[in-house]
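Topology and contacts: notes
These are the residues of each chain, in order.
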Amino acid sequence: MSRVDPWHSVVDEHAVSEPARAIDPRYSALVVLLRHSALRWGEAVAVRRCWCSALAACTDVYEEVVESSAGPGSGCSATPAG
C-alpha cells in the first residue's frame, strides 16, 4: 500500500486540465495553480500576475483574501513569501 504525502496533490493532471480548458480562460490559470501548488484558497485568489515567475517556477504570496461578515477583503498572508 502506497502512502500519500499530504503536501503533494492527489489529483491527476487529466482531472484538472479538462475543467481548466472548459471554463473562462481568465480562471483556468487559477485552477492549474491550485493543482500544482500548496496554496490555500485565500492565498490563491489574492495572487497577482506580477508575483508569478514561470521561469523560476515559483509564486510569491504577499496577501490573502479573508472573508468576514462585511464581505471579502485582503490582508497580509500568514505564510511567509519565498
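The present account deals with the structure reproduced in this document.

So, how was this worked out
- Residues numbered from 1 in each chain as written.
- Predicted model: local features only at pLDDT ≥ 70, side-chain atom pairs only at ≥ 80, totals over all residues.
- Heavy atoms only, no water.
- Helix = DSSP H or I, 4+ residues; strand = E, 2+ residues; numbered from the N terminus.
- Buried < 20%, exposed > 50% of the residue type's maximum accessible area, 1.4 Å probe, protein only.
- Disulfide = S-S within 2.5 Å.
- Arc of directions from axis to C-beta.
- Contact = heavy atoms within 4.5 Å.
- Expected span 1.5 Å × (residues − 1).
- Phe/Tyr/Trp six-rings, centres within 6.5 Å; stacked < 30°, edge-to-face > 60°.

**Notes on the environment of Asp12**
Its place among the elements puts Asp12 in the segment before helix 1 (13-22). Classification of Asp12 as partly exposed rests on a relative accessible area of 46%. In this structure the C-alpha to C-alpha distance between Asp12 and Arg35, which are 23 residues apart in sequence, comes to 8.7 Å.

**Some remarks on the state of the cysteines**
Disulfides are covalent bonds that connect the sulfur atoms of two cysteines. Summed over all chains, the structure comprises zero disulfides. Cys52 forms no disulfide, and the closest cysteine sulfur to it belongs to Cys50, at a distance of 8.1 Å. Residue class for Cys52 comes out partly exposed when judged on its relative accessible area of 37%. We note that Cys58 lacks a disulfide partner, and the nearest cysteine sulfur, in Cys52, lies 8.3 Å from it.

**Some remarks on helix 1**
Along helix 1, the positions that sit buried rather than exposed are Val16, Ser17 and Ala20. The buried residues of helix 1 occupy one face: seen down the axis, they fall within an arc of 95°. For helix 1, exposure combined with an orientation more than 90 degrees from the buried face picks out His14 and Ala22. Buried residues along helix 1 sit against helix 2 (25-36).

**A word on helix 2**
Its 12 residues place the ends of helix 2 18 Å apart at the C-alpha level, agreeing with the 16 Å of an ideal helix rising 1.5 Å per residue. The complete set of buried residues in helix 2 reads Ser28, Leu33 and Arg35. Viewed end-on, helix 2 has its buried residues packed into an arc of 160°, placing them on one side of the element.

**Some points on the packing of aromatic side chains**
Taken as a whole and assessed by the stated rule, the structure comprises one aromatic pair. Between Trp51 and Tyr62, the ring centres sit 5.0 Å apart and the planes meet at 75°, which makes this aromatic pair edge-to-face. Taken as a pair, Trp51 in the loop between helix 3 (41-46) and strand 1 (52-53) and Tyr62 in the loop between strand 2 (58-59) and strand 3 (63-68) lie far apart in primary sequence, 11 residues in all. For Trp51, a relative accessible area of 16% translates into the label buried. Judged by relative accessible area, which is 44%, Tyr62 ranks as partly exposed.

By themselves, these are just geometric observations and shouldn't be taken as functional.
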